[in-house]
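Structural features, examined
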Amino acid sequence: MPPSILHFARTAVRAAALLTAASLGAGPAHADDWTGGFAGISAGHSWVKEQSPPSAIAPPTFAPITDAVYRGTGQTIGGVAGYRVETGRLVLGGEIDVDWSDARAAVESPAASLSSRIEWQGSARLSAGVKAGRVLLFATGGLGLARTDHSANFGLGAPLFRWSRTATGWVAGGGVELDTGRIRPRLEYRHADYGATYTRATAAGEFKRNVSSDSLRLSALIAF
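Right, let's walk through the structure included here. Fair warning: this is a prediction, and the values are worked out from it, not measured in the lab. (Residues numbered from 1 in each chain as written. Predicted model: local features only at pLDDT ≥ 70, side-chain atom pairs only at ≥ 80, totals over all residues. Heavy atoms only, no water.)

**Some thoughts on the nonpolar core**
Counting 14 residues, the largest nonpolar core has Val48, Ile118 and Tyr194 as its most contacted members. Listing elements by their share of this core, those giving two or more residues are β5 (113-132), β6 (135-153), β7 (160-178) and β8 (183-200). Here this core takes three residues from β7, the largest share from any one element. Those residues in contact with valine 48 that sit more than four places away from it in its chain are Tyr70, Arg71, Gly72, Ala103, Arg104, Ala105, Ile118, Val211, Ser212 and Ser213. (Core = buried A, V, L, I, M, F, W, Y, C linked by side-chain atoms within 4.5 Å. Buried < 20%, exposed > 50% of the residue type's maximum accessible area, 1.4 Å probe, protein only. Helix = DSSP H or I, 4+ residues; strand = E, 2+ residues; numbered from the N terminus. Contact = heavy atoms within 4.5 Å.)

**Focus: empty space enclosed by the protein**
Taken as a whole and assessed by the stated rule, the structure comprises two cavities of 30 Å³ or more. Here the largest cavity defines a volume of roughly 80 Å³. Lining the largest cavity are 13 residues; nearest its centre among them are Gln121, Arg190, Ala192, Tyr194 and Arg217. Elements with a contribution of two residues or more to the lining of the largest cavity: β3 (90-101), β5, β8 and β9 (206-223). Sorting elements by how many residues they give to the lining of the largest cavity places β8 first, with four residues. For the lining of the largest cavity, a count of residues per class yields three nonpolar, six polar and four charged. The volume enclosed by the second largest cavity comes to roughly 40 Å³. Of all elements in the fold, only β3, β5 and β6 reach the threshold of two or more residues within the lining of the second largest cavity. Residues of the lining of the second largest cavity, tallied by class, amount to four nonpolar, two polar and three charged. (1 Å grid on protein atoms, 1.4 Å probe; cavity = no way out; pocket = protein on both sides within 12 Å on 5 of 7 lines; lining within 4 Å. Points joined across faces, edges and corners; volume = space filled by probe spheres on them. Nonpolar A, V, L, I, M, F, W, Y, C, P; charged D, E, K, R; others polar.)

**Let's talk about the environment of threonine 148**
Tracing the backbone through its elements, the reader meets threonine 148 in strand β6. Excluding anything up to four places from it in sequence, threonine 148 contacts Arg117, Ile118, Trp163, Ser164, Arg165 and Val211.

**Topic: the packing of aromatic side chains**
For the coordinates displayed, the defined rule picks out zero aromatic pairs. Above the ring of phenylalanine 38, the side-chain terminus of arginine 84 is found at 4.3 Å from the ring centroid. The aromatic ring of tryptophan 34 is capped on one face by arginine 184, whose charged end is 4.6 Å from the ring centroid. (Phe/Tyr/Trp six-rings, centres within 6.5 Å; stacked < 30°, edge-to-face > 60°. Lys NZ or Arg CZ within 6 Å of the ring centre and 35° of its normal.)

**Focus: the pattern of salt bridges**
One pass over the full model with this rule turns up 13 salt bridges. For arginine 186, the salt bridge identified is with glutamate 95, shortest N-O distance 3.0 Å. On the criterion of sequence distance, the pair formed by arginine 186 in strand β8 and glutamate 95 in strand β3 is long-range, its members being 91 residues apart. Linking glutamate 119 and arginine 117 is a salt bridge whose minimum nitrogen-to-oxygen distance equals 3.5 Å. (Salt bridge = Lys/Arg side-chain N within 4 Å of Asp/Glu carboxyl O.)

**Thoughts on the side chain of threonine 140**
As for its position among the elements, threonine 140 is in strand β6. Judged by its relative accessible area of 6%, threonine 140 falls in the buried class. Among residues more than four places away in sequence, those in contact with threonine 140 are Arg125, Leu126, Ser127, Val171, Ala172, Gly173, Gly174 and Glu188.

**Thoughts on the pairing of β5**
Pairing between β3 and β5: eleven bridges, direction antiparallel. The residue bridging tryptophan 100 from the neighbouring strand is tryptophan 120, located in β5. As paired strands, strand β4 (residues 104-108) and β5 are joined by five bridges and run antiparallel to one another. Opposite glutamate 108, over in β5, you have serine 113 as the bridge partner. Relative to β6, β5 runs antiparallel, the two being bridged by 19 bridges. Paired with alanine 128 across the bridge in β6 is alanine 139. Counted along the chain from β5 to the antiparallel partner β6, the turn is two residues long, and its residue glycine 133 has a positive phi close to 70°. (Pairing = 2+ DSSP bridges.)

So this is what it looks like as structure tokens:
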């Protein structure tokens, strides 16, 4: 994990701990009421998958490695903000978030190596949940956006090819949130699929790259 992200993660954890401790003596902002805005920080673990089947014009010598599914893991840290409306037991809302990431997937063979990394990812989502007292069970989904960095090295003195793209796709998931007052902890799972793109890596061939990720994240939200 890069030092900057690691430092940010440690700061986020300390801030979440201080906010949670403060909330214990502050009393509820609007206890048992989910209507209103919120913002907070989140940290988590991400599993990234890269799928690179050979394209129609990819050189046959690249096929053994381009026709591959490879995986990797990493950490995420970021922020989230949104607004919700409670109606009966149903809670509806929308939110946006952005995370910095060091999740990376790679594959190697004697002839070549490929890797992909998610530098940052964000989303704009709708959510729907059902409350049970101070507990909210919710599902969420919407538009996903990510900046991905790819590299390809074919050895034998060939140059290292590297390119980046901003990809769009979809995000879906769900989780549980606890109303402890002004500070509300949340645990959620999300799947993101950023679609496929063709990227020319050499004069003779191009590669179809499809990046997706699964993440488990813990957030500390401030209700207002």
